[in-house]
Amino acid sequence: MPLQGNLRDFSTTQILNLINLAGKTGTLVIFEGVRTNEKDAIGNIRMAAGDERARVAFKAGKLVQAQTQTQDGNLVTVLNKASKLTDEQARIIRERAKNTADKALALLLINANYVSQKDIVGSIQQYTLDIVYTLLTWGEGPFRFEDNLLPGPDRILVPIDLENVIIEGARRIREIEQLNSHLPNLDMALRFPPNPREKFKGIHLSVEEWRVVSYVNPRNTVRQIARANNMSDIEIRRIVYGLEQAGLVEVVRPAVPVDGPRQPTGNTGRLPPPPKTQVQETVVRKLIDRIRSL
Amino acid sequence: MAMNQVKMVVTGPFSSGKTEFISSISEIDVVKTERTISSDAEREVKSQTTVAMDFGRITVDDDLVLYLFGTPGQRRFDFMWEILAEGMLGFVVMVDSTKPETFREAKSILETFRAYAPTPFVVAANKQDLTDAWSIEDLRIALRIEDGIKLLPCVANDKESVKNVLLELLYSILEEMDTSASTAG
Ligand SMILES: Nc1nc2c(ncn2[C@@H]2O[C@H](COP(=O)(O)OP(=O)(O)O)[C@@H](O)[C@H]2O)c(=O)[nH]1
Ligand SMILES: [Mg+2]
């Protein structure tokens, strides 16, 4: 009987632990859950395995390779993601070296001085880790461990100790839980505090923080700001948390604009359409009086 | 709770006086800090590029606050301009009147901002207290600024001068409202 179940009952962290302790070799495959009409032993709806979401390979209890539906783990993709190859270089290599196996391609790239062996090992390792850290946050999904199944011989396998992965994964899950409980509802809005706890000026912000700060307006929900900037829920939560800790923003209930809520723009990275600047004359007159009095 | 927040943007080439301008009028003290962003988040942030941003505030009353944003100096952060420009009431373009080598850049910034938003703006001919400052008349020609656009003398570390620039901008905003109201009606 292969190791199988659902992540909601047996988490990715627990699976990694088991693989580590048992020194297993094989591939963990995680699927989309498809609801069935049946119930499981504890009365939850049984989820059948749907499309494949990810697969992670292990050799003698060490992590060696990971890929998801969208991240195929091809060497060119990996090196491109790690900025070891530019988009243009990646495009050319993909074109010219179409059916070349990763191992052969690695040799070619090293010989041509595109990258070093160290670059290749480091990039693959990082790529694998990024995927596995993401899997660790999945709370649901049927899984199956295929004993002794490993990626084809053309793939480069870089062994990674699971202990550190488990520790770092646990840290990240804790962080995510904290961030989620800090800002459970992304439909809240942000505003600048009326009375900043600390005084600030000439602040240094990361580009990402800056993008968020520029959108601060009681009419924009956090979710809309995230969409406009192509940020994931966890990224926006992390940034809002930091900005709030620094006293730069406050989380408030969104103000309902007169002309209806502003449309989020989806994933295009485009900005939402500018709001109709409905500043009234009285507001401008007030500003004038105030500045005169300074 | 109905806080009305309005913003104006102060832009211009590096060293034109944006920081000075905002500090002179803002009620928020000048504190040059690397903001500490809590533990885990901080580690992420530290490794990234940071952008110096000027940020000023003028409280009018319980319901109304004016924010002044200075654009980041580095040209590679241009992409933020559009974000900043969104919803602004108006903007000030600062020019260092003593540095003709920056005039072309100032003009290009002006045109870029103008393209983002059809809001009123004024040009502040800064550092007019220095002896080598170009005169307003010469600047208007050098920067090819149309007659309808306000080009104002400015000394950014002099509060009265800064007040004047902001007031002139606000007057332009008022006029603009009158015009659009009368064309609409
Ligand atoms: N004399 C004089 N110096 C100024 C004036 N405005 C700014 N400065 C100085 O010019 C330098 C650059 O100003 P800063 O505000 O940092 O420019 P920014 O890069 O546009 O923010 C600083 O040393 C300021 O003190 C001014 O009106 N007169
Ligand atoms: Mg500055």
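Conventions we followed
Residues numbered from 1 in each chain as written. Chains lettered and ligands numbered in written order. Predicted model: local features only at pLDDT ≥ 70, side-chain atom pairs only at ≥ 80, totals over all residues. Heavy atoms only, no water. Helix = DSSP H or I, 4+ residues; strand = E, 2+ residues; numbered from the N terminus. Buried < 20%, exposed > 50% of the residue type's maximum accessible area, 1.4 Å probe, protein only. Contact = heavy atoms within 4.5 Å. Pairing = 2+ DSSP bridges. Right-handed = clockwise from strand over helix to strand, strands pointing away. Axes fitted to C-alpha atoms, helices over the stretch in contact; angles between N-to-C directions. Salt bridge = Lys/Arg side-chain N within 4 Å of Asp/Glu carboxyl O. 1 Å grid on protein atoms, 1.4 Å probe; cavity = no way out; pocket = protein on both sides within 12 Å on 5 of 7 lines; lining within 4 Å. Points joined across faces, edges and corners; volume = space filled by probe spheres on them. Nonpolar A, V, L, I, M, F, W, Y, C, P; charged D, E, K, R; others polar.

### Focus on the environment of Ser16(B)
All names here are of chain B.
And then number 1: Mapped onto the secondary structure, Ser16 falls in the loop between strand S1 (4–11) and helix H1 (18–25).
And then number 2: For Ser16, a relative accessible area of 1% translates into the label buried.
And then number 3: Along the primary structure Ser16 and Val93 are separated by 77 residues, whereas in three dimensions their C-alpha atoms are 9.2 Å apart.
And then number 4: Setting aside residues no more than four positions away along its own chain, Ser16 makes contact with Met94, Val95, Asp96, Asn126 and Lys127.

### As for the pairing of strand S4 (residues 90–96) of chain B
Residues and elements named next belong to chain B.
And then number 1: Judged by how many residues are buried, S4 sits mostly within the fold: seven of seven residues are covered.
And then number 2: In this sheet, S4 lies alongside S1 in parallel orientation, the contact comprising four bridges. Of the residues in S4, the one forming a bridge with Thr11 is Val93.
And then number 3: Here S4 pairs with strand S5 (residues 121–126) via six bridges, running parallel. Within S5, the position partnered with Val92 by the bridge is Val122.
And then number 4: Once the chain exits S4 it traverses helix H4 (residues 103–116) before rejoining the sheet at S5, and the crossover so formed is right-handed.

### As for the sheet that holds strand S5 (residues 142–147) of chain A
Residues and elements named next belong to chain A.
And then number 1: The five strands are arranged S1-S5-S2-S3-S4 in an open sheet whose pairing can be described as antiparallel. The sheet is open, and its two edges are formed by strand S1 (3–6) and strand S4 (62–68), each paired on a single side. Taken pair by pair, the neighbouring strands of this sheet meet at an average axis angle of 25°, ignoring direction.
And then number 2: The strands touched by helix H5 (residues 117–135) are strand S2 (26–39), strand S3 (45–59) and S4; relative to S4, the strand with the most contacts, the crossing angle is about 75°.

### Some points on the pattern of salt bridges
And then number 1: Tallying each qualifying case throughout the model produces 28 salt bridges over all chains.
And then number 2: Close ionic contact of Lys84(A) with Asp119(A) constitutes a salt bridge, the shortest N to O distance being 3.6 Å. With Lys84(A) in the loop between helix H2 (75–81) and helix H3 (87–96) and Asp119(A) in helix H5, the pair connects residues that are 35 residues apart, well separated along the chain.
And then number 3: Its relative accessible area of 22% is what places Asp119(A) among the partly exposed residues.
And then number 4: Lys163(B) serves as the salt-bridge partner of Glu160(B), at 3.4 Å between the closest nitrogen and oxygen. Taken together, the residues Glu160(B) and Lys163(B), both in helix H6 (residues 159–184) and three residues apart, mark about one turn of the helix.
And then number 5: We classify Glu160(B) as partly exposed; its relative accessible area is 48%.
And then number 6: Several salt bridges share partner residues, and in doing so they unite Arg8(A), Asp9(A), Asp40(A) and Glu140(A) into one network.

### Section: empty space enclosed by the protein
Residues and elements named next belong to chain A.
And then number 1: Tallied over the entire structure, the rule returns four cavities of 30 Å³ or more.
And then number 2: The volume enclosed by the largest cavity comes to roughly 90 Å³.
And then number 3: Every residue lining the largest cavity is listed: Gln65, Ala66, Gly73, Asn74, Leu75, Val78, Asp102, Ile124, Tyr127, Thr128, Arg155 and Ile156.
And then number 4: Elements that contribute at least two residues to the lining of the largest cavity include exactly S4, H2 and H5.
And then number 5: Per-element tally for the lining of the largest cavity: the top contributor is H5, with three residues.
And then number 6: Classifying every residue of the lining of the largest cavity by side-chain character gives six nonpolar, four polar and two charged.

The values are spatial; any link to function lies outside them.
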